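Spelled out, the chains give:
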Amino acid sequence: MSIRRISQRAKDEKTRKLLSRIIRVDQAGELGADRIYAGQIAVLGNTPVGPIIQEMKEQEQEHLETFNKLIVEKRVRPTALLPLWNIAGFALGAGTALLGKEGAMACTVAVESVIGEHYNSQIRDLMEDDPEKHKELIKKLSKFRDDELHHHDTGLEHDAEKAPMYDALSQVIKVGCIGAIWLSERI
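Residues numbered from 1 in each chain as written. Predicted model: local features only at pLDDT ≥ 70, side-chain atom pairs only at ≥ 80, totals over all residues. Heavy atoms only, no water.

### Some thoughts on the overall build of the protein
Reasoning step 1: When you go through the protein residue by residue, the secondary structure sums to six helices and zero strands.
Reasoning step 2: Counting from the amino terminus, helix and strand elements in the protein follow one another as α-α-α-α-α-α.
Reasoning step 3: Oriented by its inertia axes, the alpha-carbon framework of the protein measures out at about 65 × 30 × 25 Å.
Reasoning step 4: In the protein, buried positions account for 47% of the 187 residues.
Reasoning step 5: A separation of at least 24 residues holds for 84% of the contacts in the protein among residues at least 6 apart in sequence.
Reasoning step 6: When the accessible surface of the protein is totalled, it reaches about 10000 Å², and 58% of it is carbon and sulfur. (Helix = DSSP H or I, 4+ residues; strand = E, 2+ residues; numbered from the N terminus. Buried < 20%, exposed > 50% of the residue type's maximum accessible area, 1.4 Å probe, protein only. Contact = heavy atoms within 4.5 Å. Areas by Shrake-Rupley, 256 points an atom, 1.4 Å probe, with all protein chains shown as cover.)

Spelled out as structure tokens, the structure:
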């Protein structure tokens, strides 16, 4: 077997692992986001901010559907933590919504700031691996990142920073998101 063949196999394996990690964690993240918004809607759905939350939830559902399809198409094992993220996402959404519109929006801002950075990191990884090969996935991740950053800005426009203990709440949620990402990439 030639060195070139071994080198190509190693690169192919590296690419496969990169794609599996991205698709697995993004499916989990989009499920979590969908459940966060479901929890917020359960509490705030009949308030003036309800339609705004519903609109963000619908975008998250589009993202989730994309990753659900990619999981099957690319034969990626989903994270074993999906049931946990289902419950934790809803609880986080409902819990922060119980603090009022500001609490729900503070949650959105915290989550989406982490996810925006996360998508940027994934886009860089795909560009480094092979920008042409990953052109379509990069395009999807870029759109989803832009949607997430729009949600972030929407949260700020709707008084996120007026939430009780905003800084502490935001930091706890960000640390939780970073931990969930780390776990979902691996388990």
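That covers the picture; the talk isn't over yet.
### Details of the pattern of salt bridges
Reasoning step 1: Applying the stated rule across the entire model yields eleven salt bridges.
Reasoning step 2: A salt bridge links D129 to K11; the nearest nitrogen and oxygen atoms lie 3.4 Å apart. With a gap of 118 residues between them, D129 in helix α4 (residues 101-129) and K11 in helix α1 (residues 3-44) connect regions that are remote in the sequence.
Reasoning step 3: Using a relative accessible area of 11% as the deciding quantity, one classes D129 as buried.
Reasoning step 4: K143 serves as the salt-bridge partner of D147, at 2.8 Å between the closest nitrogen and oxygen. Of this pair, D147 and K143 are both found in helix α5 (residues 135-157), four residues apart, which corresponds to roughly one turn of the helix.
Reasoning step 5: On the accessibility criterion, D147 (10% relative accessible area) is buried.
Reasoning step 6: Bridged by salt links that share partners, the residues R21, D125, E185 and R186 form one connected network. (Salt bridge = Lys/Arg side-chain N within 4 Å of Asp/Glu carboxyl O.)

### Remarks on unusual backbone geometry
Reasoning step 1: With a phi close to 55°, R75 is a non-glycine residue in the positive phi region.
Reasoning step 2: Relative to the elements of secondary structure, R75 occurs in the loop between α2 (50-73) and α3 (82-97).
Reasoning step 3: On the accessibility criterion, R75 (76% relative accessible area) is exposed.
Reasoning step 4: Positive phi is not limited to glycine here, since M165 has a value of about 50°.

### Considering the UniProt feature "binding site: Fe cation 1" (unreviewed entry) in the protein
Reasoning step 1: Per the UniProt record, "binding site: Fe cation 1" (unreviewed entry) is annotated on E30, E60, H63 and E148. Over a stretch of 119 residues, the named residues converge on one spot in the fold, their C-alpha atoms separated by at most 10.4 Å. The annotated residues that sit in the lining of the largest pocket are E30 and E148.
Reasoning step 2: With respect to the helices and strands, E30 occurs in helix α1.
Reasoning step 3: Residues in contact with E30, not counting those within four places in the same chain, are E60, H63, L64, F67, Y119 and E148.
Reasoning step 4: With respect to the helices and strands, the residue H63 is situated in helix α2.
Reasoning step 5: With residues up to four places along the chain from it excluded, the contact list for H63 reads E30, F144, D147 and E148. (UniProt positions renumbered as here; feature names shortened; annotations may be inferred. 1 Å grid on protein atoms, 1.4 Å probe; cavity = no way out; pocket = protein on both sides within 12 Å on 5 of 7 lines; lining within 4 Å.)

### Let's talk about the environment of D12
Reasoning step 1: With respect to the helices and strands, the residue D12 is situated in helix α1.
Reasoning step 2: Using a relative accessible area of 36% as the deciding quantity, one classes D12 as partly exposed.
Reasoning step 3: Along the sequence, D12 and G103 sit 91 residues apart, while their C-alpha atoms lie 45 Å from each other.

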